[in-house]
Amino acid sequence: MYIQRRLLFSLVLLASLAGILTACQQDYTPKPLGYNRLNLPDPSYRVLPDSLPYTFEYSDHAKLLDDTSAISERFWIEIYYPEIKANVHITYKPIRNKKMLKEFLDDSYTLTAKHQIKAYAINEVISTTSRGKTAVIAELEGDVPSQFQFTLTDSSRNFLRGALYFNTKVANDSLAPAIEYMKKDIMHMINTLEWKN
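It should be emphasised that the depicted structure is a prediction, and the values quoted were computed from it without experimental measurement.

Trainee: Outline the pattern of salt bridges, supporting the account with residue identities and numerical values.
Mentor: The final tally for this structure, using the stated rule, is eight salt bridges. Notably, a salt bridge pairs Asp-50 with Lys-196, separated by 3.7 Å at the nearest N-O pair. Taken together, the positions of Asp-50 in the loop between β1 (45–47) and β2 (54–55) and Lys-196 in the segment after β11 (194–195) put the pair 146 residues apart, joining distant regions of the chain. Between Glu-194 and Lys-133 there is a salt bridge; the shortest N-O distance is 3.4 Å. Taken as a pair, Glu-194 in strand β11 and Lys-133 in the loop between β7 (119–128) and β8 (134–142) lie far apart in primary sequence, 61 residues in all. Residues joined by salt bridges that share partners form a network here, namely Arg-131, Lys-133 and Glu-194.

Next comes the structure, spelled out in structure tokens:
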């Protein structure tokens with residue numbers, strides 16, 4: 001009995017010692033935080049409902065929502081992508097005179113410029129769409145809340161602004177594939193935009 005107990009004690013001691021020796025290896029390195037896995041669906045589109053004074057094609061993978069912000073106005077919408085937690089805020093304003101157009105453009109530039117604190121760069125491009133409309137597109141680099149913004153106007157009756165936001169705390173470098181995906185979707189919206197009046 002004494003020998004069995006001693007043998008059992010020796011085995012437990014040997015197993016504990018082996019565990020301690022293997023646990024204290026010097027080459028351990030902590031694992032870095034992982035990136036989110038993003039399943040980006042193939043693009044497919046549908047047309048906005050007829051209740052708006054503008055129309056464009058938006059993603060089948062997105063939900064069309066009313067803008068519920070405290071300052072929302074008629075014809076403001078949100079296009080929400082639940083799989084990647086992204087929103088495209090669309091604001092629309094009718095233009096009644098040139099002074100209003102200037103105010104809308106100034107407001108748009110001011111809203112984009114507010115991101116200068118965190119932006120590495122703000123690249124603005126004036127582009128003509130495939131349907132002959134002029135768009136001002138701003139791409140923002142860095143850990144900014146909105147990475148892509150745009151305005152479209154016919155300069156006489158209609159003004160539309162859009163801004164991309166992600167509802168996540170993940171850094172923008174980790175979101176790079178989703179940002180590129182959203183840029184392509186937004187460019188499709190811009191290129192298919194039509195005014196109804």
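Next comes the rest of the account.
Trainee: Would you mind going over empty space enclosed by the protein in detail, with residue names and values included?
Mentor: The tally for this structure, following the rule as stated, stands at two cavities of 30 Å³ or more. When contributions to the lining of the largest cavity are tallied by element, the ones reaching two or more residues are α2 (98–113), β8 and β9 (148–153). Looking at the lining of the largest cavity element by element, the count peaks at four residues for α2. Surrounding the second largest cavity, Asn-39, Pro-41, His-61, Tyr-81, Glu-83, Ile-84 and Tyr-181 form its lining. For the lining of the second largest cavity, the class distribution of residues is four nonpolar, two polar and one charged.

Quick notes on the rules
Residues numbered from 1 in each chain as written. Predicted model: local features only at pLDDT ≥ 70, side-chain atom pairs only at ≥ 80, totals over all residues. Heavy atoms only, no water. Salt bridge = Lys/Arg side-chain N within 4 Å of Asp/Glu carboxyl O. Helix = DSSP H or I, 4+ residues; strand = E, 2+ residues; numbered from the N terminus. 1 Å grid on protein atoms, 1.4 Å probe; cavity = no way out; pocket = protein on both sides within 12 Å on 5 of 7 lines; lining within 4 Å. Points joined across faces, edges and corners; volume = space filled by probe spheres on them. Nonpolar A, V, L, I, M, F, W, Y, C, P; charged D, E, K, R; others polar.

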